[in-house]
Amino acid sequence: MGEAKRTQMGKKAFLALPENQRCVYCGSAESLTVDHFPPRDFFLKRQFPEGYMYPACSACNAGKSSDEQALGFLVSMLDWEVDGENSEFRRHLRAARNNHPQLLHELEALSPTRSKRFLRQALGGSDAVWANGMNGWQAVEFGPEAMRLLNKMCVWFGQTLYFKHNHQVFSGEVFANRLPHAAIREEKFHGIISRLSGIPEIKQTGHNISNQFFYRYYAVDGGFYGILQFNKPQIFFVICAMTNEHIPKNLSLDNGWFRSGPVGPQ
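Residues numbered from 1 in each chain as written. Predicted model: local features only at pLDDT ≥ 70, side-chain atom pairs only at ≥ 80, totals over all residues. Heavy atoms only, no water.

A. Quick peek at the environment of valine 238. Residue position: valine 238 is located in strand S10 (residues 235-243). A relative accessible area of 15% means that valine 238 is categorised as buried. Taking C-alpha positions, valine 238 is 6.1 Å from arginine 178, a pair spaced 60 residues apart along the chain. With near-sequence residues (within four places) excluded, valine 238 lies in contact with Phe175, Ala176, Asn177, Leu179, Gly226, Ile227 and Trp257. (Helix = DSSP H or I, 4+ residues; strand = E, 2+ residues; numbered from the N terminus. Buried < 20%, exposed > 50% of the residue type's maximum accessible area, 1.4 Å probe, protein only. Contact = heavy atoms within 4.5 Å.)

B. Focus on the sheet that holds strand S8 (residues 213-220). If you trace the five strands from one edge of the open sheet to the other, you get S8-S9-S10-S5-S11, paired in antiparallel fashion. Strands with a single pairing partner mark the edges of an open sheet, and in this sheet they are S8 and strand S11 (258-259). Inspection of the sheet shows strand S9 (residues 223-230) paired to S10 by six bridges, in the antiparallel sense. Its bridge partner lying in S10, leucine 228 is registered against phenylalanine 237. (Pairing = 2+ DSSP bridges.)

C. Layout of the pairing of S10. The buried fraction of S10 is high, at nine of nine residues. Residues Ile235, Phe237, Ile239, Ala241 and Thr243 line one face of S10 and the alternating positions Phe236, Val238, Cys240 and Met242 line the opposite face, and both faces are buried.

D. Region of interest: the packing of aromatic side chains. Summed over the entire model, instances satisfying the criterion amount to 17 aromatic pairs. On the numbers, 6.0 Å between centres and 85° between planes, the contact of tyrosine 52 with phenylalanine 213 is edge-to-face. Here the residue tyrosine 52 occupies a position in the loop between strand S1 (33-36) and strand S2 (53-56), and phenylalanine 213 occupies one in strand S8, the gap between them amounting to 161 residues. Of the two residues examined, tyrosine 52 and phenylalanine 213, each falls in the buried class. Between tyrosine 52 and tyrosine 215, the aromatic rings sit 6.4 Å apart at their centres with planes inclined by 90°, giving edge-to-face as the arrangement. With a gap of 163 residues between them, tyrosine 52 in the loop between S1 and S2 and tyrosine 215 in strand S8 connect regions that are remote in the sequence. Owing to a relative accessible area of 2%, tyrosine 52 belongs among the buried residues under this scheme. The buried category is assigned to tyrosine 215, whose relative accessible area is 1%. Three or more aromatic residues link up through ring pairs in this structure, and these residues are Phe37, Phe42, Phe43, Tyr52, Trp156, Phe157, Phe213, Tyr215, Tyr217, Phe224, Phe230 and Phe237. (Phe/Tyr/Trp six-rings, centres within 6.5 Å; stacked < 30°, edge-to-face > 60°.)

Quick look at the structure:
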């Protein structure tokens, strides 16, 4: 079935497809619900992209909702434009303050000197900081809860995007890393991007919304590799999902890499 028809069908028809009988996350339970990932809260006015819905069991879908709400706050923080009385960021901030106080408590503000240094490194110099209207901004460091949530988000992306591009439930491990915005100026980074031949369309009712969610990927049987970003990125998320039989024995990872352990049906 074509992707266009798949995005237009209703929940009942979607779950009736043979490939959608089992939950995309646990792989063992019957899928009775449809999950949208990335979540609606990641997008302006909750206008999520077409074609990013997945079969999910009730337990997995419900179990993600609280963490997704907190992730909406973290993702909105990655946008430079967080000001404005009715901004998405402020809406997410109110929700995080009410429902995830630990997340806010752990955010550590950097000193003015460290903030200035961070912004210059992230954007490529003081002129770029001025050009983005960020002179005098204060940077923050994520705490353990934020890191837990971002790693969990990367696992869900590994599972769902593997399913989307390989058309089967993923069983294996997800490896993830976060690269600063400054990586875009490095030759090595562009070398990686050039090898990711998949360029998906990110649309909502025919409109391109790739400025809110963008990724490049390469998918083969047994593996998915991608680089993702949200809005005006401060971070690139590097994700690799490999099935059990494709994970090298005695695999050694550089510092900064997260390894999920077994996910999906085992």
